[in-house]
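A closer look at the structure
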Amino acid sequence: YLDKAIAVFTEVEQLESATHARHYKLLALKLDGRHEEVESLYPKVMEGYVRLDDLYGKALLSLHLAETVAGQGHHEQAFSHFNLAIALAEALDHHGLLAYALLCKGRVCRLRDDSVHAAELLLEAETLADQDGREDEAVRVRQERAAALLALGEVSDASALLEDVQNRLIRMERLR
């Protein structure tokens, strides 16, 4: 259906709709683990966002590609895409997108056994989420940061974070 929508939007010269449909297709391919197809579709989607001068779209697309590339084990290449997404989110002053980019980059740092850098990135993401009052995101990032601290042997700090996570989930009535 997305291919049909892309064809129609392209035919009627609806650049924004065609770009968004391509991005949704790229996201579906990413979720399906079809990495090569994600990488081949990326330039066309980015071209649309460049023509639209859509910094948010560029940042989110860069994040999706970074996650795909990281999933293939190409961490250095992923970091360059994470860094682009972070720079664009900072330029937009979009704290939610910036926090998500920092969270994703922090996860990849943990995969690389760079828990020190991961903990720093996750603390920054947590701070942004707390500042904006996004409790769900702050809890999710705090859990990730606790795991990074555990990997560093910081058991007491990690335990305190996890206790805080538990208390927040109780307040939010979201215990699992």
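For the structure itself, consult the block above.
About the cut-offs
Residues numbered from 1 in each chain as written. Predicted model: local features only at pLDDT ≥ 70, side-chain atom pairs only at ≥ 80, totals over all residues. Heavy atoms only, no water. 1 Å grid on protein atoms, 1.4 Å probe; cavity = no way out; pocket = protein on both sides within 12 Å on 5 of 7 lines; lining within 4 Å. Points joined across faces, edges and corners; volume = space filled by probe spheres on them. Helix = DSSP H or I, 4+ residues; strand = E, 2+ residues; numbered from the N terminus. Nonpolar A, V, L, I, M, F, W, Y, C, P; charged D, E, K, R; others polar. Axes fitted to C-alpha atoms, helices over the stretch in contact; angles between N-to-C directions. Parallel < 35°, antiparallel > 145°, perpendicular 65-115°, else oblique. Left-handed = near helix turned anticlockwise from the far one by under 90°. Contact = heavy atoms within 4.5 Å.

Considering the layout of surface pockets
Empty space among the atoms becomes visible once a probe the size of a water molecule is rolled across them. Approximately 160 Å³ is the volume attributed to the largest pocket. Phe 9, Thr 10, Glu 13, Gln 14, Leu 15, Ala 18, Thr 19, Arg 22, Lys 44, Glu 47, Gly 48 and Arg 51 together form the lining of the largest pocket. Put simply, the parts of the chain that give the lining of the largest pocket at least two residues each are helix H1 (2–11), helix H2 (15–31) and helix H3 (35–52). Here the lining of the largest pocket is composed, by residue class, of three nonpolar, four polar and five charged.

Section: the packing of helix H4 (residues 55–71) against helix H5 (residues 75–92)
Between two packed helices, the angle of one axis relative to the other and the distance separating the axes together describe the packing. It is the contact of H4 with H5, at a shortest axis distance of 8 Å, that shows an interaxial angle of 160°. In terms of orientation, H4 and H5 fall into the roughly antiparallel class. For the pair H4 and H5, the crossing hand works out as left-handed. Between H4, through Leu 55, Tyr 56, Lys 58, Ala 59, Ser 62, Leu 63, Leu 65, Ala 66, Glu 67, Val 69 and Ala 70, and H5, the contact on the second element is made entirely by His 75, Gln 77, Ala 78, His 81, Phe 82, Leu 84, Ala 85, Leu 88, Ala 89 and Leu 92. Partitioning the contact of H4 with H5 into residue classes produces 15 nonpolar, four polar and two charged.

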